[in-house]
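Coordinate inspection notes
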Amino acid sequence: MTSKKDTIMIDDLRSYIDALEQAGELKRIKAEVDSKFELCHVSKVNEEQKGPALLYENVKGFDIPVLTSAFTTPKRLAIALEQDHNLSMSDLSKEWMKLTVQELVPPVFVDKPKVMENVLEGDDVDMDKIPSPWFYPEDGGRFFVTAGFLVTKDPDTGWVNLGTYRSQVLGNDILGTQIIKGKHADFHLKQYAERGELMPAAAVVGTDPVLFLASSTLVSAQTDEYNIAGALRQRPVEVFKSDLTGLTLPANAEFICEGFIDPNELMEEGPFGEYTGYYSGNKGKDFPKPVLRIKRILHRNKPIMWSTTVGKPINDIHMIQSLNRTATLWHDLETMKVPGIESVYIPPEACGRFWGVVSVRQKYPGHSNHVGNAVIASTTGHYGMKGVIVVDHDIRADDWDRIWWALATRFDPKRSAQIIDRGRSTPLDPGLPIDARDITSRIILDACTPYEWANKPNEIFMDREVLQKVSNRWNEYGFEGTSPVEGLINSLTRPEPVKK
Ligand SMILES: Cc1cc2nc3c(=O)[nH]c(=O)nc-3n(C[C@H](O)[C@H](O)[C@H](O)COP(=O)(O)O)c2cc1C
Ligand SMILES: [Mn+2]
């Protein structure tokens, strides 16, 4: 078991790669690999096998290595967050929630940012020199930002926002950026449009992984994601103030493309194989995107490119969404004062957003129903979630074997399922018709034994004393290793009756 104190201190992409390598979670690929399709296809097949993170050291036509599959197992997310490597996804989300509801930690400004080691301007601004992968055959081209973020600033209040919006290379010095309506950079863009000004913006790739994780989390407006990343690390992120755009930028990034977005300029971008496993519905002229015109590229010496494959689950984006949406849903339920919440989980298999599971210790009739309805009314759960499963406290929200058992044995479809109409949806949900994706229905599956039943089914348990003896004698029976019973005795034996 790896405890927190054994982990490497991470403050950039390189130290994260070192930490992965130390934990045996990184494979270096020496063979020449084409960044068009081949790199993505190798990574995707490796991800399906639950393989390690991959560092492609010999990318055809480039001398810049590319990292993929950084987060595709819970262990690698735990390494990124400097947490115990054995934590489950749901437990990691709980740690995330605890850290981000504490005091936020603002960044610290440094004099000599490493990302300024190389400053490319004029004709040297050439996105074709960077190995931005081309992922799937029907994608519109190469995508520079998949594991990164756009930095923008509120011109009125100075709030600095980091948002992960994928960005396609549309020319030597042009990035098309998919900022979906209502995202924070969209707020900023509208403010610059009203002022009749260009919006300073920077596309950043290859940072401390917590910055990428924070930039793709639903954080409140007017909250700098730097402060969230600082809270997750319990120490400040190193930043600098750009003399070109005035933006606060991460000092240790591998690449930063700085420039300006004209609020009135849109270009065709995409299509892109999305995290749903489908291409997005509307494309081309029906869905043009804002463009970042790059004035300069900053990069570290010997820079490293970082990408995520996207496409069908499970890859980085599903793990990220599972992690941060579980954390925010859990927090939502706590702030709504729903009692008895034992664990929460939004599985990556369900694209990290469409289904959620909550385990509850019931305290009153209708409690489990309260939980299901609270989930879909919450800030996290109201947006795009289609189904909620509620289980009793003896089942962990991320224990699929037992969730199936609850659906088999504590559930009656007529009594336990409810369909709710007209919830907020996402334009990327392929389960809805392409032209009618604003609204979805939802289902709540209450897989709990009703609290009010006087005559509850009699569950099978083991004898406590005999089980303790079995645990003590585990190796005597000829089994190797520590007894699997330790720590499980309470859940395998009949709970003490609650004293009235
Ligand atoms: C890998 C990845 C790719 C994403 N791509 C997009 C995207 O192209 N457009 C978008 O609006 N949101 C995208 N998201 C979701 C946003 O990052 C998320 O909604 C985040 O909260 C946006 O930042 P903001 O809240 O500061 O606007 C992506 C998330 C991840 C993890
Ligand atoms: Mn934000």
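Residues numbered from 1 in each chain as written. Chains lettered and ligands numbered in written order. Predicted model: local features only at pLDDT ≥ 70, side-chain atom pairs only at ≥ 80, totals over all residues. Heavy atoms only, no water.

Quick notes on the domain arrangement of the protein chain
Here the protein chain is partitioned into domain 1 (4-306), domain 2 (336-447) and domain 3 (460-500). Each side of the interface is counted separately: domain 1 has 10 residues, and domain 2 has 12 residues. Here domain 1 is connected to domain 2 by 0 salt bridges. Viewed at the interface, domain 2 and domain 1 are joined by 3 residue pairs in polar contact (both at pLDDT 80 or more). Considering only residue class, the side of domain 1 that touches domain 2 consists of 3 nonpolar, 6 polar and 1 charged. (Domains from an automatic or database assignment. Contact = heavy atoms within 4.5 Å. Salt bridge = Lys/Arg side-chain N within 4 Å of Asp/Glu carboxyl O. Polar contact = N/O pair within 3.5 Å; in protein donor to acceptor, adjacent residues only side chain to side chain. Nonpolar A, V, L, I, M, F, W, Y, C, P; charged D, E, K, R; others polar.)

Describing the sheet that holds strand β16 (residues 305-306)
If you walk across this open sheet you meet the 4 strands as β1-β2-β3-β16, and the pairing is mixed. Only two strands of the sheet have a single neighbouring strand rather than two, namely β1 (26-29) and β16. Across 2 bridges, strand β3 (residues 66-68) lies against β16 in parallel orientation. When the bridges of β16 are listed, Leu 67 appears paired with Trp 306. Across the face of the sheet, helix α1 (residues 13-22) comes into contact with β1, β2 (53-56), β3 and β16 while running at roughly 105° to β1. Against the sheet, helix α2 (residues 38-48) contacts β1, β2 and β3, and its axis sits at roughly 160° relative to β2. (Pairing = 2+ DSSP bridges. Helix = DSSP H or I, 4+ residues; strand = E, 2+ residues; numbered from the N terminus. Axes fitted to C-alpha atoms, helices over the stretch in contact; angles between N-to-C directions.)

Section: the packing of helix α4 (residues 89-100) against helix α8 (residues 316-335)
The geometry of α4 relative to α8 is characterised by a closest axis approach of 8 Å and an angle of 60° between their N-to-C directions. In terms of axis orientation, α4 runs oblique to α8. The hand of the α4/α8 crossing is right-handed. In this structure, α4 uses Met 89, Ser 90, Leu 92, Ser 93, Lys 94, Trp 96 and Met 97 to contact α8, whose residues at the interface are Met 319, Ser 322, Leu 323, Asn 324, Thr 326, Ala 327, Trp 330, His 331 and Glu 334. (Parallel < 35°, antiparallel > 145°, perpendicular 65-115°, else oblique. Left-handed = near helix turned anticlockwise from the far one by under 90°.)

Things to note about the coordination of the manganese ion (ligand 2)
Coordination of the manganese ion (ligand 2) by the protein comes from Asn 161 (OD1), His 184 (ND1) and Glu 225 (OE), over a distance range of 2.1 to 2.2 Å. Each donor residue of the manganese ion (ligand 2) lies on one chain, and together they are spaced N-x22-H-x40-E. You can see Asn 161 sitting in strand β8 (residues 160-163) and its partner His 184 sitting in helix α5 (residues 184-195), a full 23 residues away along the chain. Classification of Asn 161 by relative accessible area gives buried; the value is 1%. (Donors = N, O, S within 2.8 Å, 3.2 Å for Na, K, Ca; no water. Buried < 20%, exposed > 50% of the residue type's maximum accessible area, 1.4 Å probe, protein only.)

A word on the site of ligand 1
Thr 164, Tyr 165, Gln 178, Lys 183 and His 184 are the nearest of the 18 residues found near ligand 1. Here a nitrogen atom of ligand 1 and a backbone polar atom of Gln 178 are 2.7 Å apart. At 3.0 Å from an oxygen atom of ligand 1 is found a main-chain nitrogen or oxygen belonging to Thr 217. Its free accessible area being 630 Å², ligand 1 has 92% of it covered by the protein chains. Listed by contribution, the elements that provide at least two residues to the shell around ligand 1 are β8 and α8. Here the shell around ligand 1 takes 3 residues from β8, the largest share from any one element. (Near = heavy atom within 4 Å. Areas by Shrake-Rupley, 256 points an atom, 1.4 Å probe, with all protein chains shown as cover.)

As for the sheet that holds strand β17 (residues 341-345)
Sheet architecture is open: 5 strands sit in the order β17-β18-β19-β21-β20, paired in mixed fashion. Edge positions in the sheet fall to β17 and β20 (417-424), since each of these pairs with one other strand and no more. Taken over all neighbouring pairs, the strand axes of this sheet differ in orientation by 20° on average, direction set aside. Packed on one face of the sheet, α8 meets β17 and β18 (355-360) and runs near 150° to β17.

Looking at the packing of aromatic side chains
Counted under the stated rule, the structure contains 10 aromatic pairs. Geometrically, the ring pair formed by Phe 71 and Trp 306 is edge-to-face, given 5.7 Å between the ring centres and 75° between the ring planes. Of the two residues, Phe 71 sits in the loop between β3 and α3 (74-80) while Trp 306 sits in strand β16, which places them 235 residues apart along the sequence. Comparing Phe 71 with Trp 306 shows no difference in burial state: the two are buried. Ring centres 6.5 Å apart and planes at 75° place the aromatic pair Tyr 477 and Phe 479 in the edge-to-face group. (Phe/Tyr/Trp six-rings, centres within 6.5 Å; stacked < 30°, edge-to-face > 60°.)

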